[in-house]
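# An overview of the molecular structure
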Amino acid sequence: MNEEPTLLECVDRLNRMCLFPERFPQLTAEQAEQLRDAIEIIDRAIEDVSDILWDRPEQNIAPPGMKLGG
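This section reports on the structure supplied with the text. (Residues numbered from 1 in each chain as written. Predicted model: local features only at pLDDT ≥ 70, side-chain atom pairs only at ≥ 80, totals over all residues. Heavy atoms only, no water.)

### With respect to the overall build of the protein
Per the secondary structure count, the protein includes two helices and zero strands. Within the protein, the fraction of its 70 residues that count as buried is 11%. Surface exposure of the protein reaches about 6600 Å², of which carbon and sulfur atoms provide 58%. (Helix = DSSP H or I, 4+ residues; strand = E, 2+ residues; numbered from the N terminus. Buried < 20%, exposed > 50% of the residue type's maximum accessible area, 1.4 Å probe, protein only. Areas by Shrake-Rupley, 256 points an atom, 1.4 Å probe, with all protein chains shown as cover.)

Here you go:
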């Protein structure tokens, strides 16, 4: 059964390719540069998600539950 890799698996492989290019001799210099660019974009997106979800209390969704009083 050939399942497509998950996003996390793809990002993990991309990180390994950027950190250890000698393990992937099939990559051209241009491909390696494109991979570095892609990982920078992914890193910025992760920072944006972190900022939106955790660094801005006004953006956080209140936990579900009943409100008392009112």
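Having put the structure on the table, let's press on.
### Focus: a negative patch on the surface
Together, D37, E40, D43, E47 and D48 line one region of the surface with negative charge. Here D48 is to be found in helix α2 (residues 29–54). Exposure remark for D48: the relative accessible area of 48% places this residue in the partly exposed category. (Patch = residues over 30% accessible without salt bridge, like charges linked within 9 Å, V, L, I, M, F, W, Y side chains within 5 Å. Salt bridge = Lys/Arg side-chain N within 4 Å of Asp/Glu carboxyl O. Lys, Arg positive; Asp, Glu negative; His and termini not counted. Charge placed at Lys NZ, Arg CZ, Asp CG, Glu CD.)

### Considerations on the nonpolar core
General note: in soluble globular proteins, nonpolar side chains tend to be found buried as a group. Counting seven residues, the largest nonpolar core consists of V11, L14, M17, C18, F24, L35 and I39. Once you skip the residues sitting within four places of it in the chain, F24 turns out to touch R13, R16 and M17. (Core = buried A, V, L, I, M, F, W, Y, C linked by side-chain atoms within 4.5 Å. Contact = heavy atoms within 4.5 Å.)

### Some points on the pattern of salt bridges
Using the criterion set out here, one finds two salt bridges in the structure. For the salt bridge of R36 with E33, the shortest nitrogen-to-oxygen distance reads 3.3 Å. Residue R36 and its partner E33 are located together in helix α2, separated by three residues, close to a single helical turn. A residue is classified by how much of its surface remains accessible, and E33, at 39% relative accessible area, is partly exposed.

### So, α2
Counting along an α-helix, one turn takes 3.6 residues, and residues three or four places apart therefore face a common direction. Taking 1.5 Å per residue as the helical rise, α2 with its 26 residues ought to reach 38 Å, and the 37 Å between its terminal C-alpha atoms agrees with that figure. Elements in contact with the buried residues of α2: α1 (7–19). (Expected span 1.5 Å × (residues − 1).)

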